[in-house]
Amino acid sequence: MKVYEALAEAFVKEGTSDVFGMMGDANMHWMAALADRGVRLYEVRHEGSGLGMADGWARGAGQPGVVTTTSGPGVSQLATSMIVASRARTPLVAFCGETPLGDEGATQYLDQRRFAAAIECEFIHVTRPENAQDAVRKAFYLARTESKPVMISAPFDVQIAELDDYDDEYVPSTALIEKPRLLPDPAGIQAACDLIQDAKRVVIIAGRGARKADSGEEILALQEQTGALLATTLQAKNWLCDRTDFHVGLSGLFGDKPSMELLQEADCVIAVGASLNHYTIESGYLYPEAKYVQIDTSPHVVMGNGKVADCYLQADAVTALTELARELRGRSVRLEGYHTDAVKQHLTARIQQPEYVSEPGRLDPREAIWILDHELPGEMGLVLGSGHQTDFGTMLFQRSRDVLSNYGMFGAIGQAPLIALGQLIAQGNKPGFVVEGDASFIMHLAEFETAVRYDVPLLVVVMNDQGLGAEYHKAKAKGLDPDLATISTPELGAVAQSLGGGGATVRTAQELRDALAEYVREPRPTVIDVRITREVLSTPYRRIQYGEDV
């Protein structure tokens, strides 16, 4: 057996079903061996795009995504997307071909070990035929246990060598991983209950870890017991919002004013699977008088205000919440807290529509988001990009639906459509949508053709202000010429049609409704180019650039 065949066999036994990337001299034998074993190969138009799709696939499937490149320039194209995946803590394995071992004069030579370190990626080198399968097992083990991207660098001459002692009893990394539930320290439970019992206004902040642990029922039970408001981090946006009248949306910069007014009154914050970074707690300004109880599986971490939690429980979310509720019942603790008619009435201000700006040929972005939220079925998942235009969706999408945000992950624009594509493939090609800006979408426009080629029913909603929206508004606030940040765009709906998908360019609310209805009737790769006014500044930018809040 050839080494590349043994490598392919190991990937299959690790559960690899889909691989994203581009074929080249240094990975084609491995890719062919995968195809022979029934693995689906998705040829993309740029290696970095393939990694973005593998990132989204991993988030959608809950297991390591796989990307592949040839040697040298194929590897160097991964840079931005790899750092995004690293910052997002995405489990991912990159199979990268390499020039023959030791041949530093080769045209495509790159010191791939040093490059991997620079792009925040673990590195594993296949230097001998006999360690090839161990390299695969180690890569998947690290990706799974440390939730990080790992690069397997396989020199071409090693790949095509014979493997004399092939072991067909390959033991996958999953067989080596034990996942016992972390039980909370009983003394910690007592200390947390002391803080909660003495509180009058409790807030529960649910993060990505809480959602991943499927701790929703336990959170809702504790919320009812303590009279708490329920808020989420950005990565758990809208989770459980259809299960309680006292859900206040996002905690932090992207929260709305009525909610923030209530959150500032909290005297106890219970964080579940949330790191409490400076975005979530506004560096401490959002909860100025609160004591903190933090539940997480990670070791004790410093919060975004530079302090440590008053009580830290390193434990599984479900177990810790169950024990907290049991102890509070034993103490006969039941708080009214925020659960009053007055608070409920105050929260109704969150869902009131503002007076929209009227500009011929352009929609108010707030109205566009409201229409999207109401016209697209709740079972359709949403991926949010980054940048000024995405702020509107980050704040204003209110319906209960799965939401994945790329905000803050290295600050890289253009990643969201790639992540959305991979996520849809992982979820069996169910319809889903991504909201992105015009500059961001055009950056990887070629991958819309990839969606068409593989018939992935992704709806791309481009909030198009014909410019670099963030830079436009920042320049305006700083007294610079904002027109330097304007860039005209073609009619992207027509571009999408020319690439074989569906598409429309819309300039009115009714045109947007009609385009959405067409997609819902017949889901297929579609771009809706929504022309929006530049006259509306998002709430986060108003807060940051002008110190205003509305």
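Residues numbered from 1 in each chain as written. Predicted model: local features only at pLDDT ≥ 70, side-chain atom pairs only at ≥ 80, totals over all residues. Heavy atoms only, no water.

## Some words on the sheet that holds strand S15 (residues 432-437)
As a reminder, the rule being used: Here the rule is simple: two strands pair whenever DSSP picks up at least two bridges between them. Helix numbering and strand numbering both begin at the N terminus, where a helix is a DSSP run of H or I of at least 4 residues and a strand a DSSP run of E of at least 2. The axes are straight lines fitted to the C-alpha atoms, using for helices just the contacting stretch, and the angles between their N-to-C directions are given from 0 to 180°.
Strands sit in the order S14-S13-S15-S16-S18-S17 across an open sheet of six strands; the sheet is parallel. Each edge of the sheet is formed by a strand with only one pairing partner; in this case those strands are strand S14 (403-405) and strand S17 (502-506). Each adjacent strand pair in this sheet contributes to an overall mean axis angle of 15°, direction not counted. Bridge analysis of S17 against strand S18 (residues 526-531) gives five bridges, and the strand direction is parallel.

## So, a positive patch on the surface
Convention followed: Every patch collects residues that have over 30% relative accessible area and no salt bridge, joining them within 9 Å if they carry like charges and within 5 Å if they are nonpolar side chains (Val, Leu, Ile, Met, Phe, Trp, Tyr). Here the Shrake-Rupley method, with its probe set to 1.4 Å, supplies the accessible areas, and only the displayed protein chains count as covering residues. One speaks of a salt bridge when a side-chain nitrogen belonging to Lys or Arg is within 4 Å of a carboxyl oxygen belonging to Asp or Glu. In summary, the charge assignment counts Lys and Arg as positive and Asp and Glu as negative, without counting His or the chain termini. Where a charge sits is defined by one atom per residue type, namely NZ (Lys), CZ (Arg), CG (Asp) or CD (Glu).
Taken together, the side chains of Arg89, Lys179, Arg208 and Lys212 define a basic patch exposed on the protein surface. Topologically, Arg89 is positioned in the loop between helix H5 (79-87) and strand S4 (92-98).

## Considering the nonpolar core
Quick note on the threshold: We define a nonpolar core as any set of buried Ala, Val, Leu, Ile, Met, Phe, Trp, Tyr and Cys residues linked to one another through side-chain atoms lying within 4.5 Å. When a residue's accessible area, from a 1.4 Å probe over protein chains only, is under 20% of the maximum for its type it is buried; when over 50% it is exposed; and in between it is partly exposed. Here a residue-residue contact requires only that any non-hydrogen atoms of the pair lie within 4.5 Å.
If you look at the biggest cluster of nonpolar residues, it comprises 42 residues, and the most contacted ones within it are Met151 and Val527. Where this core is concerned, the elements lending two or more residues are helix H3 (47-61), H5, S4, helix H6 (112-118), helix H18 (416-426), helix H20 (446-453), strand S16 (458-464) and helix H22 (492-498). With seven residues, H18 is the largest single contributor of residues to this core. Residue contacts for Met151: discarding those within four places in its chain leaves Val75, Ala94, Cys96, Gln112, Ala116, Ile119, Cys121, Glu122, Phe123 and Ile124.

## Things to note about the side chain of Thr526
Heads up, the rule is: Pairs of N or O atoms are called polar contacts if they sit within 3.5 Å, as long as, within protein, a hydrogen donor faces a hydrogen acceptor (for residues adjacent in sequence, only side-chain-to-side-chain pairs).
With respect to the secondary-structure elements, Thr526 resides in strand S18. Polar side-chain contacts of Thr526 include one of 2.8 Å to the backbone oxygen of Arg524. Apart from the residues lying within four places of it in its own chain, the contact partners of Thr526 are Phe448, Leu458, Leu459, Val460, Gly502, Gly503 and Tyr519.

## Quick notes on a nonpolar patch on the surface
Side chains of Tyr141, Val171 and Leu176 sit close together on the surface and give an oily, nonpolar patch of about 250 Å² of accessible area. A relative accessible area of 33% places Tyr141 in the partly exposed class.

## Section: the packing of helix H11 (residues 216-226) against helix H14 (residues 317-330)
Heads up, the condition is: The scheme is simple: roughly parallel for angles under 35 degrees, roughly antiparallel for over 145, roughly perpendicular for 65 to 115, oblique for anything else. The handedness criterion is simple: a crossing whose near helix is rotated anticlockwise from the far helix by less than a right angle is left-handed, and one whose near helix is rotated clockwise is right-handed. Residues are grouped as follows: nonpolar covers Ala, Val, Leu, Ile, Met, Phe, Trp, Tyr, Cys and Pro; charged covers Asp, Glu, Lys and Arg; every other residue, Gly included, is treated as polar.
Here H11 crosses H14 at 25°, and the two axes come no closer than 9 Å. Comparing their axes, H14 and H11 come out roughly parallel. By crossing handedness, the relation of H11 to H14 is classed as left-handed. Of H14, the residues touching H11 (which contributes Glu218, Ile219, Leu222, Gln225 and Thr226) are Val318, Leu321, Thr322, Leu324, Ala325, Leu328 and Arg329. Partitioned by chemical class, the residues of the contact of H11 with H14 number seven nonpolar, three polar and two charged.

## Describing the side chain of Thr70
As for its position among the elements, Thr70 is in the loop between strand S3 (65-69) and helix H4 (73-76). What makes Thr70 buried here is its relative accessible area of 11%. A distance of 3.1 Å separates the side chain of Thr70 from the backbone nitrogen of Ala26, its partner in a polar contact. The contact partners of Thr70, leaving out residues within four places of it in the chain, are Met22, Gly24, Asp25, Ala26, Asn27, Val75, Gly97 and Gln108.

## Describing a negative patch on the surface
Judged by side-chain charge, Asp164, Asp165, Asp167, Asp168 and Glu169 come together as a negatively charged surface patch. For Asp167, a relative accessible area of 39% translates into the label partly exposed.

## Side note on unusual backbone geometry
Even without being a glycine, Asn238 presents a positive backbone phi close to 70°. Within the fold, Asn238 resides in the loop between strand S8 (229-232) and strand S9 (247-250). Despite not being glycine, Gln466 shows a phi value in the positive range, around 50°. Along the chain, Gln466 turns up in the loop between S16 and helix H21 (469-477).

## Some words on the sheet that holds strand S6 (residues 149-155)
Across the sheet, six strands lie side by side as S2-S1-S3-S4-S6-S5; this open sheet has parallel pairing. Edge strands, defined here as strands with exactly one partner in the open sheet, are strand S2 (40-43) and strand S5 (122-125). On average, each strand axis in the sheet is tilted by 25° relative to the strand beside it, whichever way the strands run. Two strands pair when backbone bridges link them, and S4 and S6 are joined in this way by seven bridges, in the parallel orientation. Across the sheet, Gly97 pairs through a bridge with Ala154, a residue of S6.

## Considerations on the packing of aromatic side chains
Put simply, the rule is: Only the six-membered ring of Trp is used, alongside the rings of Phe and Tyr, when aromatic pairs are assigned; centres must lie within 6.5 Å, and planes under 30 degrees apart are stacked while those over 60 apart are edge-to-face, with the rest tilted.
Under the counting rule described, the total for this entry stands at eight aromatic pairs. An angle of 75° between the planes, with centres 5.0 Å apart, marks the rings of Phe11 and Trp30 as edge-to-face. Placement of the pair is Phe11 in helix H1 (residues 3-13) and Trp30 in helix H2 (residues 28-36), with a sequence separation of 19 residues. Comparing Phe11 with Trp30, the two get one shared label, buried. Seen from their ring centres, Trp30 and Phe95 are 4.0 Å apart, and the 15° between their planes marks the pair as stacked. Of this pair, Trp30 sits in helix H2 while Phe95 sits in strand S4, placing them 65 residues apart in sequence. Across the pair, Phe95 and Trp30 agree in class, each one buried. Three or more aromatic residues joined by ring pairs form one cluster here, namely Phe11, Trp30, Phe95 and Phe140.

## Looking at the packing of H21 against helix H24 (residues 539-546)
Running from N to C, H21 and H24 cross one another at 30°; their axes reach a closest spacing of 10 Å. Classified by the interaxial angle, the pair formed by H21 and H24 is roughly parallel. Taken as a pair, H21 and H24 cross one another with a handedness that is right-handed. Residues Ala470, His473, Lys474, Lys476 and Ala477 of H21 form the contact with H24, whose own contacting residues are Tyr541, Gln545 and Tyr546. In terms of residue class, the contact of H21 with H24 is built from four nonpolar, two polar and two charged.

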